[in-house]
Structures are given as C-alpha cells and as structure tokens.
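Below, each chain spelled out in residue letters.
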Amino acid sequence: MPILCFGCNAPLYRGEEHVCTVCRNQLPLTEYTFNAENPVDRIFYGRINIIKASSFLFFTEKGIVKSLIHYLKYKNQEQIGLFLGNWYGHILKENNFLNNIDYVVPVPLHRKKLRKRGYNQVALFAKTIADHIGAQYLEDILIKTANTRTQTKKSRILRWQNKQALYVLTDQEILRNKKVLLLDDVITTGATIEACATALSNTKGVNIFVASMAVVP
C-alpha cells in the first residue's frame, strides 16, 4: 500500500517525506523572524511579558497546514511533529535566531487527554527544535490542572481569568535567570500561551520566548 501525502492524499515518491513536493512548496511559511517585530508579537502586547514571539506557518480553515495538524492531533501521526520540528529547527539554527535558549518547554496536555491521545502533539516538535538549537527539553515543568477546552466565544479578559489557574509550575528554581522557549501547535487568540507564560513568569529572572507550528493570521 503506497504511503500518502498528509496534505493531498497523493502517493509519495522516493525522497518525499510526509508531504509531497507540491504540498511542501505550497506550505505557507510566515517567514517571521526572532529579530524583527511581527504580528505574533503583537498578539501578546500588553498581556504578558515575553521577549519575542514567532510562528512557522500560517493556519487557515482550509489547507495543508490544517490537514497536517489534524493528522498530528487526531490520527495518531506523531511523526508530523518531527517533520515540522526538523524543518523549523533547521531554519532557527541556520539564522542563529535562538542560540542562547536554555530550555524548550511544550504547552502541556491534561493527563486525561494525554492518556486518551497517547502523546502530547507538541512534544516531538519541541524535542526536535531543542536538539537543533542546542537547548534542553523540559517536559514536566508545566502541568495543566483541568481538562478544559479554550473558550473561544468569551472575551479575552474572561478567558484569561478562567485559564490563569489552569497551568502551574512544578519547579521554579530550575528556570531562575534562564531563557525559555515555550512552544505550542497553533496560536489563535493567544490565551493558552498567555496562561502558560503567566505560570512560567512566577520564576525570578526568567526570559520567555514563544513559538508555534502555526498561527491564525
């Protein structure tokens, strides 16, 4: 049985991995950097104290990116995280954007969801990026305390109040005066990153950078 492209379901040919050459060339890279200000930075202005934010791809309601992340989250295709992490990690390393990061931290899943899915969809992406930029991967430093969905219909303030206790830090000392890269799959309103970064910022002297597989434009 041929291996199919996660973007368009066409058979993959030799040398193609996870997505065909056509889909790979159509993936909408943001080309945002960690040097210049970008729209991902602006999502968090006035909300949390982070050094810099960026994202790898644009997420749209229809398209290859949505298909990739759907397979990653719901179809047991964890290797997509490795594929995206290698690609983005290579870009970050080549451009020397994040050469002084101490720790890479994935946005955590609640233990019930983790048990059901079998893996955190951000984990392999985060591990792979950590390898590329020479940082240490830290998995259990953040814990999600309740199994809730992001409330998309409430105002940002209400959502933040509802989410701020959702994430707790298990060890404050390890992050003291360190540079931390916080990673998620898709940034939409920024509420999840805001809540996670709020928990991380309880550590004295921590510097937080943010990135994701994709961002909703």
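Heads up: the structure comes first, above all this text.
In this report, the structure presented in the accompanying data block is examined. (Residues numbered from 1 in each chain as written. Predicted model: local features only at pLDDT ≥ 70, side-chain atom pairs only at ≥ 80, totals over all residues. Heavy atoms only, no water.)

**Here's the deal with the overall build of the protein chain**
Right, on to step 1. On a plain count of helices and strands, the protein chain comes out with 8 helices and 8 strands.
Right, on to step 2. For 217 residues, the compact-globule formula gives about 17 Å, and the C-alpha radius of gyration of the protein chain, at 17 Å, lands near that figure.
Right, on to step 3. Expressed along its principal axes, the backbone C-alpha trace of the protein chain runs to roughly 50 × 35 × 30 Å.
Right, on to step 4. Buried residues in the protein chain amount to 48% of all 217 residues.
Right, on to step 5. Taking the contacts inside the protein chain whose residues are at least 6 apart along the sequence as the reference set, 74% of them involve residues at least 24 apart.
Right, on to step 6. When the accessible surface of the protein chain is totalled, it reaches about 11,400 Å², and 49% of it is carbon and sulfur. (Helix = DSSP H or I, 4+ residues; strand = E, 2+ residues; numbered from the N terminus. Rg over C-alpha atoms; globule rule 2.2 N^0.38 Å. Buried < 20%, exposed > 50% of the residue type's maximum accessible area, 1.4 Å probe, protein only. Contact = heavy atoms within 4.5 Å. Areas by Shrake-Rupley, 256 points an atom, 1.4 Å probe, with all protein chains shown as cover.)

**A few points about the environment of Val-216**
Right, on to step 1. The topology assignment puts Val-216 in the segment after strand 8 (207-215).
Right, on to step 2. Overall, Val-216 belongs to the partly exposed group, its relative accessible area being 32%.
Right, on to step 3. Every residue in contact with Val-216, bar those within four places of it in the chain, is listed here: Phe-59, Val-186, Ile-187 and Thr-188.

**Some points on the layout of surface pockets**
Right, on to step 1. Taken as a whole, the second largest pocket spans an internal volume of roughly 250 Å³.
Right, on to step 2. The set of elements that each furnish at least two residues to the lining of the second largest pocket consists of helix 5 (111-117) and strand 5 (142-144).
Right, on to step 3. The biggest single contributor to the lining of the second largest pocket is strand 5, with 3 residues.
Right, on to step 4. Looking at side-chain class alone, the lining of the second largest pocket contains 8 nonpolar, 3 polar and 4 charged residues. (1 Å grid on protein atoms, 1.4 Å probe; cavity = no way out; pocket = protein on both sides within 12 Å on 5 of 7 lines; lining within 4 Å. Points joined across faces, edges and corners; volume = space filled by probe spheres on them. Nonpolar A, V, L, I, M, F, W, Y, C, P; charged D, E, K, R; others polar.)

**Structural notes on the packing of helix 4 (residues 79-94) against helix 6 (residues 123-133)**
Each pair of packed helices can be summarised by the angle the axes make with each other and by the distance between the axes.
Right, on to step 1. Where helix 4 contacts helix 6, the two axes come as close as 7 Å, and the packing angle between them is 30°. Regarding the angle of helix 4 to helix 6, the classification is roughly parallel. Here the hand of the crossing between helix 4 and helix 6 comes out right-handed. Taken together, the residues of helix 6 that come into contact with helix 4 (itself represented by Gln-79, Gly-81, Leu-82, Leu-84, Gly-85, Asn-86, Tyr-88, Gly-89, His-90, Leu-92 and Lys-93) are Leu-124, Phe-125, Thr-128, Ile-129, His-132 and Ile-133.
Right, on to step 2. Looking at side-chain class alone, the contact of helix 4 with helix 6 contains 8 nonpolar, 8 polar and 1 charged residues. (Axes fitted to C-alpha atoms, helices over the stretch in contact; angles between N-to-C directions. Parallel < 35°, antiparallel > 145°, perpendicular 65-115°, else oblique. Left-handed = near helix turned anticlockwise from the far one by under 90°.)

**Section: unusual backbone geometry**
Right, on to step 1. For Glu-31, which is not glycine, the phi dihedral falls at a positive 60°.
Right, on to step 2. Positionally, Glu-31 belongs in the loop between helix 1 (21-26) and helix 2 (39-44).

**Describing the environment of Ser-201**
Right, on to step 1. You can see Ser-201 is positioned in the loop between helix 8 (191-200) and strand 8.
Right, on to step 2. Relative accessible area serves as the criterion here: at 39%, Ser-201 is assigned to the partly exposed category.
Right, on to step 3. C-alpha of Ser-201 to C-alpha of Pro-11: the two residues are 190 residues apart in sequence and 46 Å apart in space.
Right, on to step 4. Non-local contacts of Ser-201, meaning those with residues more than four positions away in its chain, are made with Val-206 and Ile-208.

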